[in-house]
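Observations on the three-dimensional arrangement
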Amino acid sequence: MTPAIRRRSFLLLTGAACLPGAAWALSGSAARSLVDLLVADINAVIASGKSEAEMIKDFEGIFDRYADVPIMARYALGADARSASAAQMKAFTEAFRTYISAKYGRRFREFIGGRIDVQGESAIPRGVQVETMANLRGQAPFRVDFHVSDASGKALFFNIIIEGIDMLLSERTEIGAMLDQRRGDLDRLIADLRAL
Amino acid sequence: MYKRSQILPLVFLAATLAGCSAAPDGTLINDPHEGANRRVHDFNTGLDKALLRPASEVTEALPDALTDRVVEFADNLALPGMVVNGLLQGDLEGAISNTFRFVLNTTIGLGGLFDPADEAGLHERTTDFGQTLAVWGVPEGAYIMLPFLGPSTERDTAGLLVDFAIDPLQFLVPVEAQELQPYAFVGKKVISRGRFGSTVDSLLYESADPYAQARLLYLQNRRFDLGVSVDSSYMEGGADPYADPYADPYGDFVDPYEDF
C-alpha cells in the first residue's frame with residue numbers, strides 16, 4: 001500500500017465515521033437478517049418445483065425487493081451520471097432495474113438444486129458484509145458475499161461479491177462499454193436497456 | 001523432462017519475468033499490452049466458436065457418471081505439483097492434505113478416476129507456482145491473454161512454465177498415465193466449458209466488451225484465490241458506490257428517491 005493510498009483510506013474511514021446516520025448505523029445483525037430473508041426466499045424458489053421460466057421470474061422479483069437498485073444504477077453509470085438530467089437518471093434507473101434483475105435472475109438458475117448458507121458478517125467501510133457459502137450441484141462450495149447498507153432508508157444489498165468478483169465493478173465496465181458503443185448517447189442506452 | 005539442475009535457472013527466469021512490469025499496489029488493472037491481448041482474445045473466441053463450444057455441447061449431453069471420471073482423473077494428476085508448491089510456500093498442512101488426497105484417490109479411487117478423498121473431507125487445496133511466486137513477494141506484473149489458455153498475468157505465466165518443469169508426476173505414476181495427462185487436461189477444459197456453458201456464453205457473446213469483462217473477472221478472482229483481501233477494493237480505488245462523488249444519490253447531488 002502506498003502512503004497516498006493509506007492516507008486516502010484513513011480519510012475515507014474517519015470521514016465516514018463522522019457522518020451522522022452514515023452506513024455505520026446499520027448493525028451487523030440487521031444486515032444479516034436481510035440476507036437471511038433473501039437466502040430463505042432464494043432457497044424457497046429453488047425448492048418450489050416450479051418450471052425454470054417461472055423460477056427466473058421469481059428470482060427477478062427477489063432481486064428487485066432486496067437490492068438498492070438506484071445506487072447500483074448510479075454507480076454503474078459512473079462519471080456519466082454527473083452530466084445526466086434528473087429525468088434521464090430516473091429513466092436510466094428504471095431501465096437498469098429491468099436489465100439487472102433479468103440478467104442476474106437468469107444467473108440464479110445455476111442455484112437450482114443447490115443451497116446457500118449464511119456464515120457470518122463483518123463491518124466494511126460502507127456498511128456490512130454478510131458472508132455466505134453457495135453449495136451448488138456438482139461444484140465445490142464457493143464464497144458469495146452480500147454488501148448491505150441502510151443509506152436508502154432501509155437495509156438493502158448494494159453489491160454481490162462472488163469469489164472476489166465484484167458485481168458493481170463488472171456492471172460499471174459493462175454499462176461503460178455499452179455507452180461507448182452508442183457514442184455516449186445515454187437516451188439510446190436507456191432505450192436499448194429496456195429492450196434487452 | 002527437466003533435470004533438477006535446470007529448475008533453478010527457470011525459477012530465476014520466472015522471478016525476473018514476473019518482476020518486469022510492477023504496478024503500484026492497489027492498481028486494479030495493469031494492461032500495457034492491451035492491443036496484442038485483444039488480438040489473442042479474438043483468436044481464442046474464434047477457437048471457442050469453432051471447436052470448444054461445439055465439443056462442449058457433446059460432452060454436456062454425456063452422463064455425468066462418465067465425464068466426472070475424466071475431470072477427476074485430470075484433477076488427481078495435478079495433485080503432486082500442488083504438493084510441491086504447498087511445500088515451497090511453507091503451507092505444510094495443505095501439502096500433507098493434498099498428499100493424502102493423492103494417495104487415497106490413486107489407490108481406493110482406482111487411479112484417480114474416483115474421488116473418495118472428497119467424501120472423507122479432504123478437499124483439493126488448489127495451488128500453483130504462480131501462487132508460490134506471489135507468496136515469495138513477486139509482483140503480479142502485467143495482464144496477459146494467452147493463446148489457448150486464456151487470461152493470465154506475467155507472474156502466472158511464469159508460474160505455468162515452472163509448474164511444467166517441476167511436476168514430479170514422472171516419478172510417481174506409470175508412463176501410460178503420464179501420456180494420458182494432456183488428453184485428460186483438454187477433456188476437462190471441454191467438460192468445464194459445457195458445465196458453465198450459459199455463464200461463459202453470456203460473458204463471451206452477450207457482453208458489450210467481452211475482453212474487458214474477462215480481464216476484470218480473472219484479475220479479481222485470481223487475487224481472491226491468492227488471499228488478497230476482497231473488501232480492500234473499497235479503500236483502494238475499487239468499487240465504493242457510496243464514496244464516489246458522482247455516484248452518491250444520497251448526497252446533495254440528485255436524490256433518486258425524491259420523485260417517489
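Here the residue numbers are simple positions, counted from 1 along each chain's written sequence. For this description, chains carry letters from A and ligands carry numbers from 1, given in the order in which they are written. Given that the model is predicted, a residue must reach a pLDDT of at least 70 before its local features are reported, and side-chain atom pairs must reach 80 or more before they are shown or counted; all residues, however, enter totals for whole chains, interfaces and linings. Side-chain measures here rest on the full set of heavy atoms in the structure, leaving out hydrogens and waters.

1. Quick notes on the overall build of chain A
The following threshold applies: The way it works is that DSSP assigns letters per residue, a run of H or I at least four long becomes a helix, a run of E at least two long becomes a strand, and they are numbered from the N terminus. Classification of residues uses two cut-offs on accessible area relative to the type maximum, computed with a 1.4 Å probe and protein chains only: under 20% is buried, over 50% is exposed, and between them is partly exposed. The contact criterion used is simple: two residues touch if any of their non-hydrogen atoms lie within 4.5 Å. What sets the accessible areas is the Shrake-Rupley method with a 1.4 Å probe; for residues, cover comes only from the shown protein chains.
Assigned secondary structure in chain A consists of eight helices and five strands. N-terminal to C-terminal, the α/β element order of chain A is α-α-α-α-α-α-β-β-β-β-β-α-α. For chain A, buried positions account for 49% of its 196 residues. Within chain A, contacts between residues at least 6 apart in sequence are counted, and of these 52% link residues at least 24 apart. Here chain A has roughly 8700 Å² of accessible surface; of this, 54% comes from carbon and sulfur atoms.

2. Here we look at the packing of aromatic side chains
Note the threshold: Each Phe, Tyr or Trp ring, with Trp reduced to its six-membered ring, pairs with another whose centre is within 6.5 Å; inter-plane angles below 30 degrees give stacked pairs, above 60 give edge-to-face pairs, and intermediate values give tilted ones. Criterion for a charge above a ring: Arg CZ or Lys NZ at most 6 Å from the ring centre, at most 35 degrees from the ring normal.
As enumerated under the stated definition, the model contains eight aromatic pairs over all chains in all. Judged by centre distance (5.6 Å) and plane angle (85 degrees), the rings of F129(B) and W136(B) are edge-to-face. Ring-pair connections join several aromatic residues into one group, and the members of that group are F63(A), F146(A) and F157(A). The ring of Y75(A) carries R172(A) above its face, with NZ or CZ at 3.8 Å from the centroid.

3. Thoughts on a nonpolar patch on the surface
Residue and element names in this part refer to chain B. To keep things clear, this is the line we draw: Like charges within 9 Å and nonpolar side chains (Val, Leu, Ile, Met, Phe, Trp, Tyr) within 5 Å are joined into patches, using only residues over 30% in relative accessible area that form no salt bridge. For salt bridges, the criterion is a side-chain nitrogen of Lys or Arg within 4 Å of an Asp or Glu carboxyl oxygen.
A surface patch of nonpolar side chains, about 600 Å² in accessible area, is lined by F43, F148, L149, L160, F185 and V186. Within the fold, F148 resides in the loop between β1 (143–146) and β2 (150–153). Note on F148: relative accessible area 61%, which makes it exposed.

4. A word on the nonpolar core
Nonpolar side chains in soluble globular proteins tend to end up buried together. Test applied: Definition of nonpolar core: a set of buried residues of the types Ala, Val, Leu, Ile, Met, Phe, Trp, Tyr and Cys, connected through side-chain atoms within 4.5 Å.
Within the largest apolar cluster, 60 residues are counted, with the highest numbers of intra-cluster contacts made by I42(A), F63(A), M72(A), F92(A), F96(A), F157(A) and I175(A). With eight residues, helix α2 (residues 28–47) of chain A is the largest single contributor of residues to this core. If you look at the next biggest cluster of nonpolar residues, it comprises 10 residues, including A74(B), M82(B), F102(B) and A177(B).

5. Overview of the sheet that holds strand β1 (residues 115–124) of chain A
Residues and elements named next belong to chain A. The test is simple: Only strands that DSSP links by at least two bridges are regarded as paired with each other.
The five strands lie next to each other as β1-β2-β3-β4-β5, forming an open sheet whose pairing is antiparallel. Two strands bound the open sheet, and with one partner strand each, they are β1 and β5 (165–166). Inspection of the sheet shows β1 paired to strand β2 (residues 127–135) by nine bridges, in the antiparallel sense. Of the residues in β2, the one forming a bridge with S122 is Q129.

6. Re the side chain of S56(B)
Of note, S56(B) is situated in helix α2 (residues 34–61). Residues in contact with S56(B), not counting those within four places in the same chain, are V190(B), R193(B) and G194(B).

7. Side note on helix α10 (residues 210–225) of chain B
All names here are of chain B. For the record, the criterion: Multiply 1.5 Å by the residue count of a helix minus one, and that product is the helix's expected span.
The end-to-end C-alpha separation of α10 is 22 Å, in line with the 22 Å expected for 16 residues at 1.5 Å each. Among the 16 residues that make up α10, 13 are buried, leaving the element largely enclosed by the rest of the structure. After α10 finishes, the residue G227 shows a positive phi value of roughly 85 degrees.

8. Re the packing of helix α8 (residues 175–195) of chain B against helix α9 (residues 197–206) of chain B
All names here are of chain B. Stated formally: Axes, fitted as lines to C-alpha atoms, cover a helix only where it is in contact. Angles between the N-to-C directions of the axes lie from 0 to 180 degrees. In this scheme, roughly parallel covers angles under 35 degrees and roughly antiparallel covers those over 145, while 65 to 115 is roughly perpendicular and the rest are oblique. Here the term charged refers only to Asp, Glu, Lys and Arg, the term nonpolar to Ala, Val, Leu, Ile, Met, Phe, Trp, Tyr, Cys and Pro, and the term polar to all other amino acids, Gly among them.
Contact geometry of α8 with α9 gives a least axis separation of 5 Å together with a crossing angle of 85 degrees. If you check the angle between α8 and α9, you find them roughly perpendicular. Here α8 contributes R193, G194 and R195 to the contact with α9, which in turn contributes G197, V200, D201 and Y205. Looking at the contact of α8 with α9, its residues break down into two nonpolar, two polar and three charged.

9. Overview of the pattern of salt bridges
Scanning all chains against the criterion turns up 27 salt bridges over all chains. Between D64(A) and R97(A) there is a salt bridge; the shortest N-O distance is 3.1 Å. Residue D64(A) is located in helix α3 (residues 52–66), and its partner R97(A) is located in helix α6 (residues 86–107); the two are separated by 33 residues in the primary sequence. Of the residues examined, D64(A) reaches a relative accessible area of 33% and is grouped as partly exposed. For R53(B), the salt bridge goes to E57(B), with nearest N and O atoms at 2.9 Å. Of the two residues, R53(B) and E57(B) are both situated in helix α2; the distance of four residues between them amounts to about one turn of the helix. On the accessibility criterion, R53(B) (26% relative accessible area) is partly exposed. One connected set of salt bridges, linked through shared partners, spans D31(B), E34(B), R38(B), D209(B) and R215(B).

10. Let's talk about the confidence of the model for chain B
All names here are of chain B. As a reminder of what qualifies: Each residue carries a pLDDT value, the predictor's own confidence for that position, ranging from 0 to 100.
Taken residue by residue, chain B gives an average pLDDT of 84. The fraction at 70 or more is 77%. Here helix α1 (residues 4–18) stands out as the least confident element of chain B, with mean pLDDT 51; β1 is the most confident, with 98. Across residues 1–5, where pLDDT falls below 50, the model places eight contacts with residues more than four positions away in sequence or in other chains. Low confidence marks residues 245–260, where pLDDT is under 50. Its contacts with residues over four positions away, or in another chain, come to 36 contacts. Two numbers describe this predicted complex: its pTM, 0.82, and its ipTM, 0.80.

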